Amino acid sequence: MSIQIPTGWSIEEFGELSTQKTSNIDPSKFPEEDFELWSVPNFPSGKPEFVKGFEIKSNKQVVKSGDVLVCKINPRINRVWVVQPHTKNRQLASTEWIVIRNPSIQPDFLKYFFTSPKFRTGICSDVSGVGGSLTRARPKTIAKLLSPIAPLNEQRRIVEKVDALMEKSGAAKEALDAIPALLDQYRQSVLAAAFRGDLTKDWREQNPNIEPASVLLDRIRTERRQCWEESELVKIRAKGKEPKNDKWKEKYKEPLTLLDGHFLKVPKNWEVTTPDLICEQIVDCSHATAKYTDTGIPIVRTTEFRLGKLDLQKVKRVSRETFEKRVLRLKPRANDILYSREGGIFGIACIVPNVELCMGQRMMLFRANTNAILPSFLLWMLNSPAFFNQAASKVTGSASPHVNVGDIKRFAIALPPIEEQEKIVNLITASLEKIEEVSQHLELLNKSKAELNQSILAKAFRGELVPQDPTDEPAAVLLKRIQVEREVTAKSKPKRTRQKKTA
């Protein structure tokens, strides 16, 4: 790792930066003592853990305020911490940290360099282990990495400047981090307004003669019964019989009624109905665990669910034989709706694309009756706060919380006339496209911010961030003084004497 340094700076090997060694202790020998533990997992919190000795199960390093901790375990190699005073308790650090203790160098100066791209590239260039979380930087390699050392006064100026810039960057990060939640709130507000009829209020006033949804539902009920009777007659005649009277018609099952307790309020020409009435089919998924194969038919899991669509980039596959067994109930087709009714990804509906797919677990399928409801309208209705709240209120089961398919068939759905459904879908789509544009722009901003932070550090250690002062003591003098102090410390340590064995 070559380093170009400004005038007055020097270069030191990482292994020579620490002037004092740490000692190890077994905290369990002090079971009731309170310790400050600077652990790798606790790094994101910015504070140490406060634990009793008996809670710590392995040896630790004794550290103190001002020590610089460099993580050597991947993927957290970019974690660098400066130990700060929090309590009067003894301070300990995990052995996964490399400790740099040098009172003559600004600890934050070292911290910023150790988090810079140049040092991170160097520490990751030679690791041991099988990969992932099991890899560790090799101590011998780290010891030979070069670190730039600025004059002490310039170190202070650099730290002050980087602190100020990072504070602004942190404020920008907080603002950017708040945007996704705001976008989600706006998305939910759009869907809520859509199914209250707010988005199309002006449209209804301009189109007063549209056929009301009540007429549409009456027609759907009639068509539904007619289809059943025709199908039932075919079954009877297939047995070589003719019906003697109309008693066979009494077997017809009316659509399921609404569950009690819904609170949907809809405009004048709308109706409140159920998925059972306006869908051709509503089926549950297979509950058997599928056996995946390297090739074959894509099988959708709820981990592929995104709001309104499926992400099939990392989809698993099953054999044709498994696929045929799992689609006996209903084979998904384009414009069907998949709905996650249990598990960690709950209450999300996705439209099926025009590809052959197999249903996984923890989901159900809706097939819209397109004479009654547009598939795209049904999609966003299932994703609306009104539908989600009904599903959340009916969750049952402790081991695997879920909503029963029978309940979902009876949930309340707001149904406008077909023409108004189309208008609502267009308005929702336009709003969601704007949200997606903002999300993509936000992603670019986050990437730019991360690059800006790295650019600040790179500039700092090229000597370009703050002005240099020719009157500053050169870093070479500082390093020489550190070397002398190290030698004096080494000479002052008492030599160990070996006692002669006596008979």
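Described in the following lines is the structure provided in the data block.

1. Notes on the nonpolar core
Grouped together as the largest cluster of nonpolar side chains are 43 residues, with contacts concentrated most on Ile-278, Tyr-339, Phe-366, Leu-378 and Ile-428. Every residue in contact with Tyr-339, bar those within four places of it in the chain, is listed here: Phe-305, Gly-347, Ile-348, Ala-349, Arg-362, Met-363, Met-364, Phe-366, Leu-382, Phe-387, Ala-391 and Ile-408. Membership of the second largest hydrophobic core comes to 37 residues, among which are Leu-17, Val-82, Ile-105 and Ile-149.

2. Details of helix H9 (residues 375–382)
The element H9 is extensively covered by neighbouring structure, given that 7 of its 8 residues are classed as buried. Among the residues of H9, Pro-375, Phe-377, Leu-378, Leu-379, Trp-380, Met-381 and Leu-382 are the ones counted as buried.

3. Section: the pairing of strand S6 (residues 68–71)
Alternating residues of S6 divide into Val-68 and Val-70 and Leu-69 and Cys-71, and every residue in both groups is buried. Pairing geometry for S6 and strand S7 (residues 80–82), over 3 bridges, is antiparallel. Considered in S7, the bridge of Val-68 is made with Val-82. In this structure, S6 lies alongside strand S9 (residues 97–100), joined through 4 bridges in antiparallel fashion. Residue pairing across strands places Val-68 opposite Ile-100, the latter belonging to S9.

4. Regarding a positive patch on the surface
Taken together, the side chains of Lys-235, Lys-239, Lys-241, Lys-244 and Lys-251 present a region of like positive charge at the surface. As for its position among the elements, Lys-244 is in the loop between helix H6 (213–238) and strand S13 (271–273). Take Lys-244: its relative accessible area is 87%, and that puts it in the exposed class.

5. Examining the side chain of Lys-449
Mapped onto the elements, Lys-449 comes out in helix H12 (residues 418–460). Of the side chains with opposite charge, Asp-177 comes closest to the buried, unpaired Lys-449, at an N-O distance of 6.8 Å. Aside from chain neighbours lying at most four places away, what touches Lys-449 is Ser-169, Lys-173 and Leu-176.

6. Remarks on the sheet that holds strand S4 (residues 49–52)
The 5 strands are arranged S2-S5-S8-S3-S4 in an open sheet whose pairing can be described as mixed. Two strands in the sheet have a free side with no partner beyond their single neighbour: strand S2 (24–25) and S4. One ladder, built from 4 bridges, connects strand S3 (residues 34–38) with S4; its direction is antiparallel. Its bridge partner being in S4, Glu-36 is matched across the sheet by Phe-50.

What counts and how
- Within any chain, residue numbers begin from 1 and follow the written order of that chain's sequence.
- The model is predicted, so local features are restricted to residues of pLDDT at least 70 and side-chain atom pairs to those at 80 or more, both for listing and for counting; the totals for chains, interfaces and linings are taken over all residues.
- The basis for every side-chain value is the complete set of heavy atoms in the structure, and neither hydrogens nor water enter the calculation.
- For our purposes a nonpolar core is just a set of buried Ala, Val, Leu, Ile, Met, Phe, Trp, Tyr and Cys residues, chained together by side-chain atoms within 4.5 Å.
- Only protein chains enter the accessibility calculation, which uses a 1.4 Å probe; a residue whose area is less than 20% of its type maximum is buried, one above 50% is exposed, and one in between is partly exposed.
- Any two residues whose heavy atoms approach within 4.5 Å are treated as being in contact.
- Numbering of helices and strands starts at the N terminus; helices are DSSP runs of H or I of at least 4 residues and strands are runs of E of at least 2.
- Here a strand pair is declared whenever DSSP counts at least two bridges between the two strands.
- Only residues whose relative accessible area exceeds 30% and that take part in no salt bridge are eligible for patches, with like-charged residues grouped when within 9 Å of each other and nonpolar side chains (Val, Leu, Ile, Met, Phe, Trp, Tyr) grouped when within 5 Å.
- Only the protein chains shown count as cover for residues, with accessible areas throughout obtained via the Shrake-Rupley method and a probe of 1.4 Å.
- Any carboxyl oxygen of Asp or Glu that lies within 4 Å of a side-chain nitrogen of Lys or Arg is treated as forming a salt bridge with it.
- Charged residues are defined here as Lys and Arg on the positive side and Asp and Glu on the negative side; His and the ends of the chain fall outside this count.
- By convention, the charge on Lys lies at NZ, on Arg at CZ, on Asp at CG and on Glu at CD.

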